[in-house]
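# Descriptive analysis of the structure
Residues per chain, in single letters:
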Amino acid sequence: MPMVDAHVHFWNPEQNYYPWLNDRPLIPFRYGDYSSICRPYLPADYKRDAAGHHVVKTVYIEAEWDPSDPIGEMEYIASLRRETGWPNVAVGQAWLDRDDRARVLERLAGFDFVRGLRHKPKSNPKPGSAAPGSMVDPHWVIGFAMLSSYGLRFDLQTPWWHLHEASTLADRFPQTQIILLHSGLPADRSAEGIAGWKAAMTEFAKRPNVAVKISGIGLPGQPWTVANNRDIVRSIIEIYGVDRCMFGSNFPVDSVCGTLDKIFGGYKEITADLGPEAQKRLFHDNAVQFYDIR
């Protein structure tokens, strides 16, 4: 089955500066100790990890490169494309609340392989906190409003308890495609946590300009298993429908939780009963459509 990995990172912290990979001490991380990935990870490394799967295209997602030089990251990715042919398309970094946002967005849009951007909105550490996040900050929203004029999508990474803000954003800017990353971050697998996540995901799914990327669902200190993640995957597909979901490995980040074979093999096992046509859309066609991979 030809596959598109809709969420990968390639990096070389020996050559380029990524604060979270290069600086010491390491910052707190949702998966725990990630020292094992503070090393170069390039298309050749990925192809070895994915050898058991027919990955034909990849979507690169910005890797928290030096925030003072977002264009430098895409120039580096352009060099990887020339050398290896991967990634096929990319999502760059921009800071929607910075004064240079228009210039950065214009330059990102100038790369023929850039399809969108990611700027992780400020969020609260847990549900129930009343403090608003970035998505209701008027200055941040002005930056978001610029995306459509440059033909850019928005890759949204936010915990599910901020999806009400994302829903308002999607309603205000229906012409902008929003792709929710890492399944809405369902880290709390208690009955209460899952209920809150499902309710938020269901409300967000009412917006026709949103899709969801099933990725990044590992649990800290636990190996990646089908048993842990089946309900998450099937709930997302039930809520959003087969036509608005896609799979990403989040490699090498999720190598902290499991091998690429374990993760992709798990996704295939979880969706096997949906049939080959549904799997084709989930593993290939939808990513091609949403990221305009030519």
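Let me sum up the structure you'll find in this document.

Rules of the game
- Residues numbered from 1 in each chain as written.
- Predicted model: local features only at pLDDT ≥ 70, side-chain atom pairs only at ≥ 80, totals over all residues.
- Heavy atoms only, no water.
- Helix = DSSP H or I, 4+ residues; strand = E, 2+ residues; numbered from the N terminus.
- Contact = heavy atoms within 4.5 Å.
- Areas by Shrake-Rupley, 256 points an atom, 1.4 Å probe, with all protein chains shown as cover.
- Lys, Arg positive; Asp, Glu negative; His and termini not counted.
- Charge placed at Lys NZ, Arg CZ, Asp CG, Glu CD.
- Axes fitted to C-alpha atoms, helices over the stretch in contact; angles between N-to-C directions.
- Parallel < 35°, antiparallel > 145°, perpendicular 65-115°, else oblique.
- Left-handed = near helix turned anticlockwise from the far one by under 90°.
- Phe/Tyr/Trp six-rings, centres within 6.5 Å; stacked < 30°, edge-to-face > 60°.
- Buried < 20%, exposed > 50% of the residue type's maximum accessible area, 1.4 Å probe, protein only.
- Lys NZ or Arg CZ within 6 Å of the ring centre and 35° of its normal.
- Polar contact = N/O pair within 3.5 Å; in protein donor to acceptor, adjacent residues only side chain to side chain.
- Core = buried A, V, L, I, M, F, W, Y, C linked by side-chain atoms within 4.5 Å.
- Salt bridge = Lys/Arg side-chain N within 4 Å of Asp/Glu carboxyl O.

This next bit is on the overall build of the protein. Looking only at helices and strands, one finds 10 helices and 8 strands in the protein. Along the first, second and third principal axes, the C-alpha atoms of the protein reach 45 × 45 × 40 Å. Counting contacts in the protein only where the partners sit at least 6 residues apart, residues at least 24 apart contribute 80% of the total. For the protein, the exposed surface amounts to about 12,000 Å²; the carbon and sulfur share of it is 53%. Of the side chains in the protein, 32 bear a positive and 35 a negative charge, and the two mean positions are spaced by 3 Å.

Let us look at the packing of helix H8 (residues 226–240) against helix H9 (residues 260–271). At their nearest, the axes of H8 and H9 sit 10 Å apart, and the two run at 60 degrees to each other. Taken together, the axis directions place H8 and H9 in an arrangement best described as oblique. Crossing of H8 over H9 shows right-handed handedness. Between H8 and H9, the contacting residues are Val-226, Asn-229, Arg-230, Val-233, Arg-234 and Ile-237 on the first element and Gly-266, Tyr-267, Glu-269, Ile-270 and Thr-271 on the second.

This part takes up the packing of aromatic side chains. Throughout the structure, instances matching the rule amount to 21 aromatic pairs. Ring geometry for Phe-10 versus Tyr-46: centroids 6.3 Å apart, planes at 85 degrees, classification edge-to-face. Separated by 36 residues along the polypeptide, Phe-10 in the loop between strand E1 (3–8) and helix H1 (19–22) and Tyr-46 in helix H2 (residues 43–49) bring together distant segments of the chain. We note that Phe-10, like Tyr-46, is buried. Relative to Phe-154, the ring of Phe-144 lies with its centre 5.2 Å away and its plane at 75 degrees, an arrangement referred to as edge-to-face. Here Phe-144 is found in helix H5 (residues 138–145), whereas its partner Phe-154 is found in strand E5 (residues 153–156), with 10 residues between them in sequence. Classification of Phe-144 by relative accessible area gives buried; the value is 0%. Looking at Phe-154, the relative accessible area reads 1%, which means it is buried. Members of the aromatic cluster, each reached through a chain of ring pairs, are Trp-11, Tyr-18, Trp-20, Phe-29, Tyr-31, Tyr-34, Trp-65 and Tyr-76. Looking at Arg-30, its charged tip hangs above the ring of Tyr-31, at a distance of 4.5 Å from the centre.

Next up on the list: the environment of Ala-205. Within the fold, Ala-205 resides in the loop between helix H7 (191–204) and strand E7 (210–214). By relative accessible area, Ala-205 is classed as buried at 10%. Taking C-alpha positions, Ala-205 is 9.5 Å from Ile-236, a pair spaced 31 residues apart along the chain. If we ignore the near neighbours within four places in the chain, the residues touching Ala-205 are Val-210, Ile-239, Tyr-240 and Arg-244.

This next bit is on the side chain of Arg-244. In this structure, Arg-244 sits in the loop between H8 and strand E8 (245–247). A distance of 2.9 Å separates a polar side-chain atom of Arg-244 from the backbone oxygen of Arg-207. Residue contacts for Arg-244: discarding those within four places in its chain leaves Ala-205, Arg-207, Pro-208, Val-210, Ala-211, Val-212, Asn-286 and Phe-290.

Here we come to the nonpolar core. Core analysis: the biggest nonpolar cluster contains 82 residues, and Tyr-46, Tyr-240 and Tyr-267 have the highest contact counts within it. With sequence-adjacent residues up to four places away left out, Tyr-240 is seen in contact with Leu-180, Met-201, Phe-204, Ala-205, Val-210, Val-212 and Cys-245. Val-4, Ala-6, Ile-61 and Ala-287 belong to the second-largest nonpolar core, a separate cluster that totals 14 residues.

If a residue is not glycine, its phi is most likely negative; likewise, a peptide bond is most likely trans. With an omega of 0 degrees, the peptide bond between Arg-24 and Pro-25 qualifies as cis. In this structure, Pro-25 sits in the loop between H1 and H2. Of the consecutive residues Phe-251 and Pro-252, the connecting peptide bond is found in the cis state with omega at 5 degrees. Positionally, Pro-252 belongs in the loop between E8 and H9.

The tally for this structure, following the rule as stated, stands at 17 salt bridges. Glu-64 is the salt-bridge partner of Lys-120, the closest N and O atoms lying 2.3 Å from each other. In this pair, Lys-120 is assigned in the loop between strand E4 (114–118) and H5 and Glu-64 in the loop between strand E2 (55–61) and helix H3 (70–84), connecting sequence segments 56 residues apart. Exposure remark for Glu-64: the relative accessible area of 29% places this residue in the partly exposed category.

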